[in-house]
2 protein chains.
Amino acid sequence: MKNFSKIGIKEDARTELHDSLKLTGAEISVNVLPAGTSVPFVHSHRQNEEIYIILRGEGTAVTDGENIGIKEGDCLRLSPSAKRRFFASAKNSLKYICVQVKADSLEGYTTSDAII
Amino acid sequence: MKNFSKIGIKEDARTELHDSLKLTGAEISVNVLPAGTSVPFVHSHRQNEEIYIILRGEGTAVTDGENIGIKEGDCLRLSPSAKRRFFASAKNSLKYICVQVKADSLEGYTTSDAII
């Protein structure tokens with residue numbers, strides 16, 4: 001496999017990176033939820049931890065029945081079993097990145113994994 | 001461990017999420033490289049794949065000696081062994097997210113890992 005791959009993404013409702021970038025350690029999606037809408041279902045995961053990074057707008061992450069306010073600059077970790085559903089505010093669309101990784105899969109990182 | 005954790009981040013040079021969010025499957029950093037500057041070293045990794053998502057600005061990712069132009073909306077996967085160094089353009093700062101995950105660690109994802 002080539003040592004790198006690159007794509008450019010646009011302001012689509014959802015862009016998934018796994019297949020187009022040939023990722024092997026994560027699925028990453030970039031999402032835009034229009035104002036006043038929500039992801040239409042509650043979900044959890046079997047194995048995967050999710051990390052959400054809010055790029056724009058604000059809304060609510062309902063997690064195991066608890067309302068967590070989210071806005072630009074907020075980052076959220078969810079355990080696999082957390083039952084989650086995301087809502088954009090009535091006023092602004094919510095743009096966010098969702099990183100899906102296998103829980104407990106990371107070993108070394110940064111200084112303990114890098115070669116300089 | 002609690003089912004979720006959350007932090008808010010600011011426009012800092014580098015914010016690392018692993019420790020503050022108690023991540024177990026990734027290290028994620030949010031970075032701002034000032035105009036005309038670069039990460040001051042070339043690096044590669046032992047085990048970890050990296051995915052870069054460019055949030056703002058433009059620059060160059062020098063990868064194994066090849067210049068890859070990068071700009072807002074671009075996403076890049078780098079194999080562990082790729083020797084990389086990032087440069088912001090002379091004109092604008094470069095804001096990007098770097099996701100570090102163990103290569104080949106992902107098993108199921110999205111529909112094959114989610115419970116709805």
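The rules behind each value
- Residues numbered from 1 in each chain as written.
- Chains lettered and ligands numbered in written order.
- Predicted model: local features only at pLDDT ≥ 70, side-chain atom pairs only at ≥ 80, totals over all residues.
- Heavy atoms only, no water.
- Helix = DSSP H or I, 4+ residues; strand = E, 2+ residues; numbered from the N terminus.
- Buried < 20%, exposed > 50% of the residue type's maximum accessible area, 1.4 Å probe, protein only.
- Contact = heavy atoms within 4.5 Å.
- Buried area = accessible area lost by both parts, 1.4 Å probe.
- Salt bridge = Lys/Arg side-chain N within 4 Å of Asp/Glu carboxyl O.
- Polar contact = N/O pair within 3.5 Å; in protein donor to acceptor, adjacent residues only side chain to side chain.
- Pairing = 2+ DSSP bridges.
- Axes fitted to C-alpha atoms, helices over the stretch in contact; angles between N-to-C directions.
- 1 Å grid on protein atoms, 1.4 Å probe; cavity = no way out; pocket = protein on both sides within 12 Å on 5 of 7 lines; lining within 4 Å.
- Points joined across faces, edges and corners; volume = space filled by probe spheres on them.
- pLDDT = per-residue confidence, 0-100.
- Least-squares fit on C-alpha atoms with pLDDT ≥ 70 in both.

Overview of the overall build of chain A
Across its full length, chain A holds one helix and 11 strands. Tracing chain A from N to C terminus, the helices and strands come up as β-β-α-β-β-β-β-β-β-β-β-β. If you line up chain A on its principal axes, its C-alpha atoms span 45 × 30 × 25 Å. For chain A, the proportion of its 116 residues judged to be buried stands at 55%. When contacts within chain A are restricted to residue pairs at least 6 apart in sequence, long-range pairs at least 24 apart make up 64% of them.

Considering the interface of chain A and chain B
On the side of chain B, 66 residues touch chain A, which itself brings 66 residues to the contact. Carbon and sulfur atoms supply 52% of the area buried between chain A and chain B, which totals about 5700 Å² over both sides. At the boundary of chain A and chain B, one finds four salt bridges. A salt bridge links D74(B) to K6(A); its shortest N-O distance comes to 3.6 Å.

Focus: the environment of N92(A)
Residue and element names in this part refer to chain A. By the secondary structure assignment, N92 is in the loop between β9 (84-88) and β10 (94-102). On the accessibility criterion, N92 (32% relative accessible area) is partly exposed. Residues N92 and G36, spaced 56 residues apart in sequence, show a C-alpha to C-alpha distance of 7.6 Å. What N92 contacts, discounting residues up to four positions off in sequence, is A35, G57 and E58. Here E58 takes part through its side chain, which lies 3.0 Å from a polar atom of the side chain of N92.

What about the sheet that holds strand β8 (residues 74-78) of chain B?
On the basis of which strands lie adjacent, the open sheet formed by six strands has the order β1(A)-β8(B)-β5(B)-β10(B)-β3(B)-β2(B) and antiparallel pairing. Each end of this open sheet is capped by a strand with a single partner; those strands are β1 (4-8) of chain A together with β2 (14-16) of chain B. Taking each pair of neighbouring strands and ignoring which way they run, the sheet shows an average axis angle of 15 degrees. Here seven bridges tie strand β3 (residues 27-33) of chain B to strand β10 (residues 94-102) of chain B, and the two strands are oriented antiparallel to one another. Bridge pairing links S29(B) to C98(B) in β10(B).

Some points on the layout of surface pockets
Unfilled space is identified by rolling a water-sized probe across the atoms. Approximately 480 Å³ is the volume attributed to the largest pocket. Lining of the largest pocket is provided by 23 residues; of these, L55(A), E72(A), L55(B), R56(B) and K95(B) occupy positions nearest its centre. The element that contributes the greatest number of residues to the lining of the largest pocket is strand β5 (residues 48-56) of chain B, accounting for four residues.

Focus: the confidence of the model for chain A
Counting all residues, the mean pLDDT for chain A is 97, and 99% of those residues have values of 70 or more. Two summary scores accompany this predicted model of the complex, namely pTM at 0.96 and ipTM at 0.95.

Details of the side chain of S5(A)
Structurally, S5(A) is set in strand β1. A distance of 2.7 Å separates a polar atom in the side chain of S5(A) from the backbone oxygen of L21(A). The residues touching S5(A), leaving out its near neighbours within four places in the chain, are L21(A), C75(B), L76(B) and R77(B).

Structural notes on the relation of the copies chain A and chain B
Of the transformation placing chain A onto chain B, the axial shift is 0.0 Å and the rotation is 180 degrees, giving an RMSD of 0.0 Å. What we have between these two chains is a two-fold relation. Among all residues of chain A, the minimum C-alpha distance to the rotation axis is found for S105(A), at 3.2 Å. By residue overlap, the copies meet face to face through one surface: 100% of the interface positions of chain A are interface positions in chain B.

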